[in-house]
Amino acid sequence: MSNVVHVDVMIAERDLVARDLAAVWHPCTQMREHFSDGAAGDGSRDALLPLVPVVRGEGAWLVDADGHRYLDAVSSWWTNIHGHGEPRIAAAIAEQARTLEHVLLAGFTHPSAIALAEQLLARAPRQAGRDPLAKVFYADNGSAAVEVALKMAFHWFRNRGEPERRKFVALHNGYHGETLGALAVGDIPLYRRIYAPLLAEAIFAPSPDAYAARPGQTAEACALEAADVLASLLDAHGQEVCALIVEPLLQCAGGMRMHHPAYLGRVRELCDAHGIFLIADEIATGFGRTGTLFACEQAGIQPDLMCVSKGLTGGFMPLAATLATQAIYDGFLDDSRERAFLHSHSYTGNPLGCAAGLASLAIFDQDDVLERNRTTAERMGKLAKDIATLPHVADARQCGMVVAFELGRDGDRATPFDPSLRVGLQAYRAALARGVVLRPLGDILYWMPPYCIDDAALAQLADITAATIREATACA
Ligand SMILES: *Cc1c(COP(=O)(O)O)cnc(C)c1O
């Protein structure tokens, strides 16, 4: 009996892959890698990059059509925080869907958008002596939240009669999304280079990345050195700048590179000194990932604009928000419509997303998630110590619920593996074959699991990561 079921499911899985490859174009993917040797859409198991049809999620695990279970060590692109299928979020969405699935947010409002805005503002980073973040502008994905922040900053100065302030300062190795405005302030060559002719010019400052510190230099000294260069850039160009954008503490897409919080303190001072807005992109770092609810808290700073998305709904719904100060909001109040912020998306403030966001924030309180994460992060750090000693591991680093392993030949930072060896892709395949989703950034493997991951799954993750690194680097 169970054999029969198994065979049926196997057929279903092959069928799903073939139907997918016939109809779906995937994000961030060279589609050619999903096809096995020239054939169109057949056995994906032989393809360079296997395609996994997922039919169910349970906590930290994904289940494919064939019944295989995969540990989601990357939280499905950093979105899932409380686990797949979290019943309290699922119930909140179902209830909201029965009551009000969507209404336009121009001229109308609804209780979930109001309550979520109140909750976000109450929990946002605060800095003594500053006006708090006071207004929430909704969008539906992280890139859109970044576009909103950039446009608000520029438009605010324009309304003030300072249209010459139209440049943005961003950091080397930063990432803020894929739309043209967000890409313009990003610095990941793989995503940016092709579109460079289309992008507005930004001013790039050095990354405070501690991995790039000189031998013997502390993370703090490295961060302050980067801040000194930023200071001179602003001395030269400050008059043309409307805002600076930064991923606080952790440049995620840039390879899980981490920096000392002292950098953010200096950035806050420099932005104030030059009268420019500080935009914190907390899209990946927000909602407990770095140890505090928002990364800015660890530097004791408050931004003027803050972008959130990814974990906002616990990973259930696409939703984003840009938080702004009262002073920014007030700069748009006028009789003229042109002076208003007319940006909108069809699904701005979608009730299902807002209901999921409220449920997710309630879980932070009910389960004391930040406290539980302290224990989980400690355990992750201990498990990482053994992996750090493996040959070809050049660095192991941690920031809260993120641990990253940077591979290098013989563990040497100065000799990365030849990109043509595609060590990261080998690692992806090796981990997937062992039932773990590790989706490396280049040759950087990382753990960024749902917060509900238990000790047994963490131990399994550590074992499989070690085996994966051994296998992927064996013939390199
Ligand atoms: C993912 C990400 C974005 C873009 O969000 P999308 O929802 O993918 O558009 C922006 N900034 C950071 C820091 C991110 O990690």
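Whatever comes next refers back to the structure up there.
Rules used in this analysis
- Residues numbered from 1 in each chain as written.
- Predicted model: local features only at pLDDT ≥ 70, side-chain atom pairs only at ≥ 80, totals over all residues.
- Heavy atoms only, no water.
- Phe/Tyr/Trp six-rings, centres within 6.5 Å; stacked < 30°, edge-to-face > 60°.
- Lys NZ or Arg CZ within 6 Å of the ring centre and 35° of its normal.
- Buried < 20%, exposed > 50% of the residue type's maximum accessible area, 1.4 Å probe, protein only.
- Helix = DSSP H or I, 4+ residues; strand = E, 2+ residues; numbered from the N terminus.
- Pairing = 2+ DSSP bridges.
- Axes fitted to C-alpha atoms, helices over the stretch in contact; angles between N-to-C directions.
- Contact = heavy atoms within 4.5 Å.

### Observations regarding the packing of aromatic side chains
Alright, step 1. In total, this model carries 10 aromatic pairs according to the counting rule given.
Alright, step 2. A connected cluster of aromatic rings, assembled from ring pairs, spans F137, F332 and F341.
Alright, step 3. A cation sits over an aromatic face here: R69 above W61, 4.9 Å from the ring centre.
Alright, step 4. Here the basic side chain of R397 rests over the ring of Y211, its NZ or CZ set 5.1 Å away from the ring centre.

### Some details on the pairing of strand β7 (residues 241–246)
Alright, step 1. Most of β7 sits inside the fold, with six of its six residues counted as buried.
Alright, step 2. As paired strands, strand β5 (residues 167–171) and β7 are joined by three bridges and run parallel to one another. Bridge assignment links K167 to a residue of β7, and that residue is V241.
Alright, step 3. Summarising the sheet, β7 and strand β10 (residues 277–281) pair through four bridges and their orientation is parallel. Bridged to V246 within β10 is A280.

### Topic: the sheet that holds strand β14 (residues 402–407)
Alright, step 1. With antiparallel pairing, the three strands of this open sheet are ordered in space as β13-β14-β16. The sheet terminates laterally at β13 (393–399) and β16 (444–447), the two strands that pair on one side only. Across the sheet, the axes of successive neighbouring strands diverge by a mean angle of 15°, strand direction being ignored.
Alright, step 2. Summarising the sheet, β13 and β14 pair through six bridges and their orientation is antiparallel. For V393, the partnering residue across the bridge sits in β14 and is L407.
Alright, step 3. Of the strands in this sheet, β13, β14 and β16 are in contact with helix α14 (residues 455–474), which crosses β16 at around 175°.

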